[in-house]
Amino acid sequence: MQKRFNVLLGLLLTIMLMVSACSSGGSGDTEADTSGSDATSSDSSASDESATTSGGSEEDKEIVFWNINTEEPMKTIVQDAVDRYNANTQSGYHITNVSTQNDTYKEKLVIAMSSGQGPDMYITWSGGPMNEYIDSGFGQPITEYVNNSEWGSKIMDASLAQASYKGDIYAVPMGGITLSGVWYNKEMFAKYGLEVPKTIAELEAVCDTLVANGITPFALANASKWTGSMYFMNLATRYGGLEPFQEAAAGTGSFENDAFVFAGEKIQEWVSKGYFPEGVNSLSEDDGQSRQLLYQEAAAMTCIGSWYASTMPSESEEFYNEKMGWFLFPELETSDADQSLVIGTVGDNFITMNCEGEKLDAAMEFFDYYWSEEGTQALYDAGRMPAVEGVADHVTDPNLKDVLNASMAASGTQLWYDQYLPPAVAEVHKDTCQELFGLTMTPQEANAALQAAMESSLAE
């Protein structure tokens with residue numbers, strides 16, 4: 001009970017950090033800025049009050065499923081799977097699909113869990129946050145369900161490893177292979193005689209040419225903070241490999257390591273040289289403001305996840321097919337670190353189960369529909385690379401082939417920092433990243449603040 005209290009206290013501290021960020025002019029808590037918009041639900045009957053604890057009454061035949069799928073194509077893919085389940089299950093249960101915009105979702109989930117209640121199924125991310133919820137009693141081991149299912153045998157081992165904790169599987173992946181990399185406008189590169197950069201020095205030369213021609217090199221909307229973290233993670237990993245972060249997170253190293261100093265200094269150098277849009281920290285990724293800069297050809301590149309291979313075609317298929325290319329974040333030519341390393345995940349969003357008994361049996365049946373042949377094909381058709389065996393045989397998008405090849409050639413994968421770190425520390429990481437882009441903190445100050453947060457978390 002003491003451990004549970006301590007973990008919940010940590011979650012409550014996360015809320016305090018969120019409020020602090022908002023009161024000081026911050027834009028939100030996590031992976032997307034809601035810009036004041038209300039949470040949305042794909043089921044008009046769903047509400048916060050419909051969330052149940054894991055010990056719901058025997059008469060309760062509703063399975064409440066919280067997720068972040070408010071945008072296409074995942075909005076339709078998930079709802080279709082829910083509809084097929086509700087139409088065909090013999091369990092007597094039905095799933096209520098409650099989709100909430102990313103930033104609002106994470107705050108809502110923390111508040112629900114901290115009050116001792118939560119949905120029956122919920123999206124989280126592997127690493128620190130998932131593990132804290134499990135330690136707090138908001139997750140059930142599902143190893144036997146996965147091992148005894150037909151769909152479980154086709155999920156990649158690497159993805160199931162990310163969904164595991166203390167020797168058991170606790171979650172089911174919803175997404176696929178997702179890497180951080182650079183999307184770029186091929187026509188604009190050709191217009192200015194630019195080639196895909198292989199090194200960071202070459203990338204900077206590309207950026208300088210673009211700035212000289214009145215083009216913003218990187219379309220970045222950093223109100224959500226995690227978007228700026230993409231640059232920080234890539235730069236730190238190119239400088240020092242995986243070890244500096246792993247050691248800092250474990251308490252055997254420090255976030256004041258040279259790798260993180262380099263990342264912060266390079267970001268601020270790039271800000272000063274005009275590589276990012278004006279007002280970068282006030283632009284909203286959730287509202288598509290970074291992509292608008294690409295569509296308007298006011299910017300030539302952006303460093304973000306490979307999910308843009310499905311997001312952009314859903315908004316402007318012709319633009320994506322004719323103009324967009326992808327390359328892995330360039331190598332740092334002066335570093336001895338392994339330059340094949342990638343930033344990302346195998347599985348992306350993970351569904352954790354917060355129910356027991358026959359309700360858990362019924363909830364697990366959902367994956368018979370989501371990971372069915374029909375459901376998997378829907379992911380392929382939407383430009384996703386589901387975390388299943390044989391995915392390479394189904395990828396036709398040239399950009400996604402490049403992503404897949406980079407993933408297969410990598411000697412290791414660094415999970416997103418804000419997913420790996422405990423929630424309270426992840427918030428400090430994102431806050432300090434935003435400060436770096438705003439030139440309101442030096443790299444040394446930012447890294448010292450992150451290190452202090454990590455030490456506090458480890459002490460707890």
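Our subject is the structure that appears above.
Residues numbered from 1 in each chain as written. Predicted model: local features only at pLDDT ≥ 70, side-chain atom pairs only at ≥ 80, totals over all residues. Heavy atoms only, no water.

Q: For this particular structure, what's the right way to read the sheet that holds strand β2 (residues 94-99)?
A: Hydrogen bonds between backbone groups are what pair the strands of a sheet, and the pairing can be parallel or antiparallel. Read from one edge to the other, the open sheet built from five strands follows the order β2-β1-β3-β12-β6, with strand pairing classed as mixed. Since the sheet does not close on itself, it has two edges, and those belong to β2 and β6 (171-173), each with one partner. Going from strand to strand, the sheet's axes swing by 25° on average, the running direction of each strand aside. Alignment of strand β1 (residues 62-67) against strand β3 (residues 121-124), held across two bridges, turns out to be parallel. Along β3, the bridge assignment pairs tryptophan 66 with tyrosine 122. (Pairing = 2+ DSSP bridges. Helix = DSSP H or I, 4+ residues; strand = E, 2+ residues; numbered from the N terminus. Axes fitted to C-alpha atoms, helices over the stretch in contact; angles between N-to-C directions.)

Q: Help me understand the packing of helix α11 (residues 258-272) against helix α20 (residues 443-459), please; the structure alone is not making it clear to me.
A: For any two helices packed against each other, one specifies the inter-axial angle together with the distance between the axes. The interhelical angle for the contact between α11 and α20, taken along N-to-C directions, is 135°, at an axis separation of 9 Å. Between α11 and α20, the interaxial angle falls into the category oblique. In the packing of α11 onto α20, the handedness of the crossing is right-handed. Counting all contacts with α11, which are made through Phe260, Val261, Gly264, Glu265 and Gln268, the residues of α20 involved are Pro443, Gln444 and Asn447. Classifying every residue of the contact of α11 with α20 by side-chain character gives three nonpolar, four polar and one charged. (Parallel < 35°, antiparallel > 145°, perpendicular 65-115°, else oblique. Left-handed = near helix turned anticlockwise from the far one by under 90°. Contact = heavy atoms within 4.5 Å. Nonpolar A, V, L, I, M, F, W, Y, C, P; charged D, E, K, R; others polar.)

Q: Is there a simple way to think about the pattern of salt bridges in this case?
A: Pairing between side chains of opposite charge can happen when their charged atoms approach one another. All chains considered together, the criterion is met by 14 salt bridges. The partner of lysine 323 in a salt bridge is glutamate 187, with the nearest N and O atoms 3.6 Å apart. In this pair, lysine 323 sits in helix α13 (residues 308-323) while glutamate 187 sits in helix α7 (residues 186-191), placing the two residues 136 residues apart along the sequence. With a relative accessible area of 40%, glutamate 187 lands in the partly exposed category. Close ionic contact of lysine 273 with aspartate 208 constitutes a salt bridge, the shortest N to O distance being 3.6 Å. Note that lysine 273 is positioned in the loop between α11 and α12 (289-295) and aspartate 208 in helix α8 (residues 200-212), a separation of 65 residues in sequence. Take aspartate 208: its relative accessible area is 35%, and that puts it in the partly exposed class. Each of Glu204, Asp208, Lys266, Glu269 and Lys273 takes part in a single network of salt bridges with overlapping partners. (Salt bridge = Lys/Arg side-chain N within 4 Å of Asp/Glu carboxyl O. Buried < 20%, exposed > 50% of the residue type's maximum accessible area, 1.4 Å probe, protein only.)

Q: Quick question: what am I supposed to make of the packing of α8 against α11 here?
A: Packing of α8 against α11 leaves a shortest axis separation of 12 Å and a crossing angle of 15°. Between α8 and α11, the interaxial angle falls into the category roughly parallel. For the crossing formed where α8 meets α11, the hand is right-handed. Of the residues in α11, those touching α8 at Ile200, Leu203 and Glu204 are Lys266, Glu269 and Trp270. Tallied by class, residues from the contact of α8 with α11 come to three nonpolar, no polar and three charged.

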